Amino acid sequence: MKRLAVLGSTGSIGVSTLDIVAAHPDRFKIVALTAGRNLALLEEQIASFHPEIVAVPDEEHAARLRARLGADGPQVLFGIAGLIACAAASPADMVVSAIVGAAGLEPTLAAVEAGRDVALANKETLVIAGELVMAAVARAGVRLFPVDSEHSAIFQSLEGHRRSDVRRLILTASGGPFRNWSLDDLQKVTPRDALAHPNWTMGRKITIDSATMMNKGLEVIEAHWLFGLPVDQIAVHIHPESIVHSMVEYVDGAVMAQLGIPDMTTPIAYALSYPERLQLDLPPLDLCRLGRLHFSEPDSHCFPCLGLAYDALRRGGSAPAVLNAANELAVEAFLAERIGFLDIPRIIASVVAQHEVTAADSLERILAADRWARQIAQEKIDDIQGAFYL
């Protein structure tokens, strides 16, 4: 039986992970859970899966949860120390890293350094600290199993083939809700518009990233570190049906692809059970009913975030960490209706252009770059909001 720690258990990936565990109680046991501020859902999960240790954001939430659970409840910790304890000190065999954003880096790195395999749904870990994390993976002799549908598809399409025979990786992107919109149309986008993804049900932040195509840019950077290919061998195709989850093109022209309905259950389950496949209660892919699949090039004019991510990867060092931090602040401000949709790439581009790239070979340097970018991005957000009142 595989023991699991789930970081981010009340988010969409965490909930789907626990659904898989509930359907296969003979295969998995939950030993640790971490969550944000949704204590009601976390309490339900604790009652269902009986973890030994849980972590919440702060001391206030920890005190409330302890009072509600009573003396028979699990150990309740809080803050970054609590996250790290769940990732590295719990008796887990595998850690599911599903915390959103840069907050997932430290506990994920701690899990790796403690010798835990990681099912990685937190792409920001590799975006901001790919060199550091992959070096730790090599030292510890553990494995990262990709949970993102695109990286899982590449992982599966590489199985049984030599990496030296790969010509390029092709990440597919739905294009989000605005793939056919003009710049004039995008000027009027509201958070409600951007959160209406046509294919996937995801958290708020990643849904906005999909709408700007920054999500695909972050995935390009993640793919570089996961699969060891240079930036010029990683392409992106718009594929609105979200059926072909990604592809690998080989030097002889053969292309291997992984197809499936747009549902995160399959890639999560494969990461948990590799190399086996679990029986899942999902509808089959009916290509005859679907009829056609479409592909096109990304629109870099209307969606510059993808190009910003490619540029950051080429610059290397601390540039991707700065890109990610500026994006997180800009998305948060957009969701709070403090800036417009097109202000997101403008802020990111301005912060990255202002940054002097440093090495990303230590956690301290990476976190310093992250803090700097957040401060500069916040100043630019405040300037934009201030202009609204002039």
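Structure shown above.
Residues numbered from 1 in each chain as written. Predicted model: local features only at pLDDT ≥ 70, side-chain atom pairs only at ≥ 80, totals over all residues. Heavy atoms only, no water.

Enquirer: An account of the sheet that holds strand E3 (residues 53-56) is requested, with residue identities and associated values reported.
Expert: With parallel pairing, 7 strands are arranged side by side in an open sheet as E4-E3-E2-E1-E5-E6-E7. The sheet is open, and its two edges are formed by strand E4 (75-78) and strand E7 (144-146), each paired on a single side. Taking each pair of neighbouring strands and ignoring which way they run, the sheet shows an average axis angle of 25 degrees. As judged from the 6 bridges shared by strand E1 (residues 2-7) and strand E2 (residues 28-34), these two strands associate in the parallel manner. (Pairing = 2+ DSSP bridges. Helix = DSSP H or I, 4+ residues; strand = E, 2+ residues; numbered from the N terminus. Axes fitted to C-alpha atoms, helices over the stretch in contact; angles between N-to-C directions.)

Enquirer: Which residues make up the packing of helix H14 (residues 305-315) against helix H15 (residues 319-335), and what values go with them?
Expert: Two numbers describe how H14 lies on H15: the axes approach to 7 Å, and their chain directions differ by 150 degrees. In terms of their interaxial angle, H14 and H15 are classed as roughly antiparallel. Across from Leu308, Ala309, Ala312, Leu313 and Arg315 in H14, the residues of H15 making contact are Ala319, Pro320 and Leu323. Across the contact of H14 with H15, the residue classes break down as 7 nonpolar, no polar and 1 charged. (Parallel < 35°, antiparallel > 145°, perpendicular 65-115°, else oblique. Contact = heavy atoms within 4.5 Å. Nonpolar A, V, L, I, M, F, W, Y, C, P; charged D, E, K, R; others polar.)

Enquirer: Describe helix H7 (residues 149-158), listing the residues and the values that go with them.
Expert: Most of H7 is tucked away: 10 of the 10 residues are buried. Among the residues making up H7, those that are buried are Ser149, Glu150, His151, Ser152, Ala153, Ile154, Phe155, Gln156, Ser157 and Leu158. Close packing links the buried residues of H7 with E7, strand E8 (166-173), helix H11 (214-227), strand E10 (244-250), strand E11 (255-259) and helix H12 (265-273). (Buried < 20%, exposed > 50% of the residue type's maximum accessible area, 1.4 Å probe, protein only.)

Enquirer: Mind laying out the environment of lysine 216, listing which residues take part and the relevant values?
Expert: With respect to the secondary-structure elements, lysine 216 resides in helix H11. Judged by its relative accessible area of 6%, lysine 216 falls in the buried class. Considering only alpha carbons, one finds lysine 216 and threonine 10, 206 residues apart in sequence, at a separation of 24 Å. Among all residues touching lysine 216, those that are not within four sequence positions of it are Glu150, Leu171, Thr172, Ala173, Val236 and Leu306. A distance of 2.8 Å separates the side chain of lysine 216 from the side chain of glutamate 150, its partner in a polar contact. (Polar contact = N/O pair within 3.5 Å; in protein donor to acceptor, adjacent residues only side chain to side chain.)

Enquirer: Give me the lowdown on the packing of aromatic side chains, citing residues and values where you can.
Expert: On inspection of all chains with the given rule, the structure shows 8 aromatic pairs. Here the aromatic rings of phenylalanine 155 and tyrosine 274 are separated by 5.2 Å at their centres, their planes lie at 55 degrees, and the arrangement is tilted. A residue pair is termed long-range when its members are at least 10 positions apart, and phenylalanine 155 in helix H7 and tyrosine 274 in the loop between H12 and helix H13 (287-290) qualify at 119 residues. Given the relative accessible area of 7%, phenylalanine 155 is considered buried. Between phenylalanine 178 and tryptophan 181, the aromatic rings sit 4.6 Å apart at their centres with planes inclined by 55 degrees, giving tilted as the arrangement. Residue tryptophan 181 is classed as partly exposed on the basis of its relative accessible area of 31%. Taken together, Phe145, Phe155, Tyr270 and Tyr274 form an aromatic cluster joined through their ring pairs. (Phe/Tyr/Trp six-rings, centres within 6.5 Å; stacked < 30°, edge-to-face > 60°.)

Enquirer: Tell me about the side chain of serine 246, and name the residues and values.
Expert: Inspection of the secondary structure puts serine 246 in strand E10. Relative accessible area serves as the criterion here: at 0%, serine 246 is assigned to the buried category. For serine 246, the side chain forms a polar contact with the main-chain nitrogen of threonine 172, separated by 3.3 Å. Leaving out residues up to four positions away in the same chain, serine 246 has contacts with Glu150, Ala153, Ile154, Ser157, Ile170, Leu171, Thr172, Met256, Ala257 and Gln258.

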